[in-house]
Amino acid sequence: MRPEKKFLVDEVSGHLGKSGYVFLADYRKVTVADAADLRASLKTQQAEYHVVKNSILNVAARERKLPELDASWLTGQTAIIVGGRNPSEVAKILTKYFKDKEKLALKGGILGANRLSVSDVEALSKLPSLAVLQAQLLGLLSQPATSLVRVLQGVPQGLLNVLQAKGAAAAPAEAPAAPAAA
């Protein structure tokens, strides 16, 4: 491989190594101003938008041992979106941008070892944010402990109620006080 191509493959491979996902898009209608706007939106999630050559992307993906890229993804002009820790939030930005501008067309993506279709990326964009999912998980994890505490607290309370009821029933009724002798 020529040194120029090796440099490009290494550069794209470096981009692919920045996260556990990559989204591919066709940027054919995207202007420079639109790309700058999209990059600014993606920057809020520490994600990056890079225009790449299809053949270089294919070689870099193979070097990274990513799942096989769909042949339809490697046609036309391709941009990759990588980086950031939250693929769901990045997918939200991309789908919103696509709907608002009607310029960027998603081709698909890779998340971990799974290939994602356009509908998969859209489904990913509808997931709650990572913070919301963590809060829901924490709530689910704390719920059994809370229930256990309530059950354990209920046993002594129930026993106390039974003893109080038994004590009230066993106590003799008090007779009226006798008049005091003078």
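Predicted, not measured: the structure shown is a model, and the values here were computed from it.

A word on the pairing of strand E3 (residues 78–83)
Logical step 1: Along E3, six of the six residues are buried, which leaves the element largely enclosed by surrounding structure.
Logical step 2: Two elements, strand E1 (residues 21–26) and E3, share four bridges in a ladder whose sense is antiparallel. Its bridge partner being in E3, Asp 26 is matched across the sheet by Thr 78.
Logical step 3: One ladder, built from six bridges, connects strand E2 (residues 47–52) with E3; its direction is antiparallel.

Some points on the pattern of salt bridges
Logical step 1: Applying the stated criterion across every chain yields a total of eight salt bridges.
Logical step 2: Note that Arg 115 and Asp 70 form a salt bridge whose closest N and O atoms lie 3.4 Å from each other. With Arg 115 in strand E5 (residues 114–116) and Asp 70 in the loop between helix H3 (54–63) and E3, this pair connects stretches of sequence that are 45 residues apart.
Logical step 3: The class for Asp 70 is partly exposed, based on a relative accessible area of 25%.

Here is what the cut-offs are and how they apply
- Residues numbered from 1 in each chain as written.
- Predicted model: local features only at pLDDT ≥ 70, side-chain atom pairs only at ≥ 80, totals over all residues.
- Heavy atoms only, no water.
- Buried < 20%, exposed > 50% of the residue type's maximum accessible area, 1.4 Å probe, protein only.
- Helix = DSSP H or I, 4+ residues; strand = E, 2+ residues; numbered from the N terminus.
- Pairing = 2+ DSSP bridges.
- Salt bridge = Lys/Arg side-chain N within 4 Å of Asp/Glu carboxyl O.

Purely geometric numbers; function is a separate question.
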